[in-house]
Every structure is written in structure tokens, then in C-alpha cells.
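# Breakdown of the fold
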Amino acid sequence: MYNKDITIVGVPMDLGADRRGVDMGPSAIRYASLKEKLSELGCNVKDAGNLAVPTPESYKVGSSKLKYLREITQVSEELAVTLDHEIQKGRFPLVLGGDHSIAIGTIAGVAKHYKRLGVIWFDAHGDLNTADTSPSGNIHGMPLAASLGIGHSDLVNISGFSPKVHPENVVVIGARDLDEGERTLIRQQGIQVFTMHDIDRLGMGAVMEETLRIVTDGTDGVHLSLDLDGLDPHDAPGVGTPVVGGITYREGHLAMEMLAASHRLTSAEFVEVNPILDHGNRTAQAAVALIGSVFGEKVL
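Worth saying up front: this structure is predicted, and the values here are computed from it rather than measured. Throughout, residues of each chain are indexed from 1 in the direction in which the sequence is written. Given that this is a predicted model, residues contribute local features only at a pLDDT of at least 70 and side-chain atom pairs are listed and counted only at 80 or more, while totals for whole chains, interfaces and linings are drawn from all residues. Only heavy atoms go into the side-chain values, all of them from the structure, while hydrogens and water stay out.

## Remarks on the overall build of the protein chain
Within the protein chain one finds 11 helices and 8 strands. Taken over the C-alpha atoms alone, the protein chain extends approximately 50 × 40 × 40 Å along its principal axes. Contacts are assigned to residue pairs that have any heavy atoms within 4.5 Å of one another. Intrachain contacts of the protein chain at a sequence separation of at least 6 include 77% that bridge at least 24 residues. Accessible surface is estimated by sampling points in the Shrake-Rupley manner with a 1.4 Å probe; for residues, cover comes only from the protein chains shown. Of the roughly 11400 Å² of accessible surface on the protein chain, a fraction of 50% belongs to carbon and sulfur atoms. The charge count treats Lys and Arg as positive and Asp and Glu as negative. His and the chain ends do not count. Each charge is placed at NZ for Lys, CZ for Arg, CG for Asp and CD for Glu. For the protein chain, the centre of its 26 positive side-chain charges and the centre of its 39 negative side-chain charges are spaced 4 Å apart. Every helix listed is a DSSP run of H or I at least four residues long, and every strand listed is a run of E at least two residues long, numbered separately from the N terminus.

Right under this line is the structure:
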């Protein structure tokens, strides 16, 4: 079984998105009994609290093509250092967002310990934009590109090296809202993307079998970056950028159960929970349930 000595790190970041509220995501996930769930599954859990993140009201947007670049870069550097230290201690980092821009720092910290990191990107979006292709300038649409070494130098060079991951070791699952620049990059880089069409046609079981084959082929670690908007809004209404027609609650659990059974996961993050847009904390509860499946929870 993979490492069950877990360190929880919250990153209450909402600088990467236009809609406010995802900064409360880490608190919502904790409130949904995350630590209790992990303890029940035999995990040794340490909660390291939240990183300090600037609030948008206190800072200027900066470039409209790269909003809050300086502040996001600073938090990304701090997050990378925090995770580097936790992994050095032999612990599994579990990061709670916050918007998906935090993945820039997460993957930077994790990739220092793995020469070839596999990445599963569970998301309605590709997050493969750059300043040149982004329609919004929101950095939460850029973290996978930055991790691949594509984009602004400040984002690309977090922790002083680039790229963090290679396209042949990355799989995107659940995509159903891609910008034209992202489609071009996906084709250029040869990134494996399983859209909702693929999931509908093949089934989540087959998609995960192929995903696990790709992300474990020649890699020495596997990171899960799970945006709750990958799920259908019916099951996860409280997310930063909801898109209808997503992965069902049960398909999400199957994916996590198969990932758990692989025993290859080395780090994970769960992002974009927005309590302001939620109903009775349902989305945070869904996140905790999925985390339970990641760490081996079974019906029987």
C-alpha cells in the first residue's frame, strides 16, 4: 500500500479565478470530516494548516493577461517548499484548494522528488492556457501548461527548474470545455485527453486502465490533481467553473478506487470547492468521499 502518513496542507487561493469563494474550500473540506475519514482508514494524519494567501482586495490585478502573477508566484514558491519538506520527512502530501492555480506549486514541490512524475488531471478543463491563449487571463487556467514548461517564466520556473512533467506522462480525464489554444497545444504535445465523449463511449473502467498504464509507464511517482468541476454539477454544485455533462459521482469513485488499487499514488490535491455556490456543503462532502476512495475505502 502507498504511504498513509499524510500531511494536509490548505491553500486558500482565489487569485487565479474571477469568482470569489474558493478560498474557503480548504475549510469546507475539513468541515466535511476529512481528518476523521482518513483516520478511520488507518492513516496517520497531520494537518499543517493553511498557507497565508493574499486577498484580491489588497492587491492590484496587474496584467490583464496574467492576473495576480506576482502574488500567485510567491504562494506557489512557498507551497513548493512546504511540500518538499513534507516529502523529505516521508509523508504523503494532500493539498486542499483553493483554485487550480495552486497546482503550479504543488507539482513543483512534488517533482523535486521524482525524476519522472506521472500526472492524472481530473478536470472539466484542460488548464493548458498561456497568457497568449487565455480568454480571461486567469491563472487557474494555466497550471498544467506551466508544469509542462509552457508559459510565463515566473510560473514555469517555480523551484528553479522546468519542466516539472512531460506530456507523455500526463492524462487529462473529464474534459468538456477546452479553448482553441488548448486544443492546439494538446495536439502539438501529444497529451492524452479523455473527454466526456470518451468516457461515455469506453466507460470509466477502460479509461482508468489506460490512464494508469500511461502514468505508470517509466515513471517513479504519480500525482493526482482533482478539480471538483470534473464531476457533474448535479453532484458537485459548489465549484468555481461548473460545466454541465460531467463525470457522475459513481464514475468518480470508480476512478479513485482503481487508482487506490494501483498502489502508485504519491501525492494528491483537491481543488475548486466554492462553498458560496454550494448547497449544504455537498461538494466538500463529495471531495471527502472521493478522498476516502483514494485511500482505500471500499463497500466490502
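Moving on from the coordinates now.
## Brief notes about the layout of surface pockets
Using a grid of 1 Å spacing that covers the protein atoms alone, one calls a set of points a cavity when a 1.4 Å probe fits there but cannot get out, and a pocket when the set is open and has protein on both sides within 12 Å along at least five of seven lines; lining residues are those with an atom within 4 Å of a point. Grid points are joined across faces, edges and corners, and a volume is the space filled by probe spheres set on the points. Taken as a whole, the largest pocket holds about 370 Å³ of empty space. Lining the largest pocket are 23 residues; nearest its centre among them are His125, Ser136, His140, Gly141 and Thr241. Looking at side-chain class alone, the lining of the largest pocket contains 3 nonpolar, 10 polar and 10 charged residues. Only Asp, Glu, Lys and Arg are considered charged in this grouping, and only Ala, Val, Leu, Ile, Met, Phe, Trp, Tyr, Cys and Pro are considered nonpolar; every other residue, Gly among them, is considered polar.

## A short note on unusual backbone geometry
What is expected of a backbone is that most residues other than glycine have negative phi and most peptide bonds are trans. The omega torsion across Gly97 and Gly98 is 15°, close enough to zero to call that bond cis. Mapped onto the secondary structure, Gly98 falls in the loop between strand E3 (92-97) and helix H4 (103-111). Of note, the bond from Ser162 into Pro163 is cis; its omega dihedral lies within 30 degrees of zero at -5°. Take Pro163: it is sitting in the loop between helix H6 (153-156) and strand E5 (170-175). The phi angle at Tyr68 is positive, at roughly 60°, despite the residue not being glycine. Within the secondary structure layout, Tyr68 lies in the loop between strand E2 (44-50) and helix H3 (69-88). One non-glycine residue, Glu272, lies in positive phi territory at about 70°. Tracing the sequence through the fold places Glu272 in the loop between strand E8 (265-271) and helix H11 (282-294).

## Some points on the pattern of salt bridges
Salt bridge, as applied in this entry: a Lys or Arg side-chain nitrogen positioned within 4 Å of an Asp or Glu carboxyl oxygen. Applying the stated criterion across every chain yields a total of 14 salt bridges. A salt bridge links Asp84 to Lys112; the nearest nitrogen and oxygen atoms lie 3.2 Å apart. Of this pair, Asp84 sits in helix H3 while Lys112 sits in the loop between H4 and strand E4 (117-122), placing them 28 residues apart in sequence. Here's how the labels work: a residue is buried when its accessible area is under 20% of the maximum for its type, exposed when over 50%, partly exposed in between, all with a 1.4 Å probe on protein chains only. Given the relative accessible area of 9%, Asp84 is considered buried. Judged by relative accessible area, which is 47%, Lys112 ranks as partly exposed. The shortest N-O distance in the salt bridge between Asp198 and Arg201 comes to 3.7 Å.

## Some thoughts on the packing of aromatic side chains
Between the rings of Phe, Tyr and Trp (Trp by its six-membered ring), a pair exists once the centres lie within 6.5 Å; its type follows the angle of the planes, with under 30 degrees stacked, over 60 edge-to-face, and the other angles tilted. Inspection of every chain in the model, using the stated rule, returns 1 aromatic pair. Taking 5.1 Å as the distance between ring centres and 75° as the angle between the ring planes, the aromatic pair formed by Phe92 and Phe295 counts as edge-to-face. One end of the pair, Phe92, is in strand E3; the other, Phe295, is in the segment after H11, and 203 residues separate them in sequence. Residue Phe92 shares its accessibility class with Phe295, and that shared class is buried. Note on geometry: a ring has a charge over it if NZ (lysine) or CZ (arginine) is within 6 Å of the ring centre and within 35 degrees of the ring normal. Here Lys164 stacks its cationic end above the ring of Phe161, 4.9 Å away from the centre of that ring.

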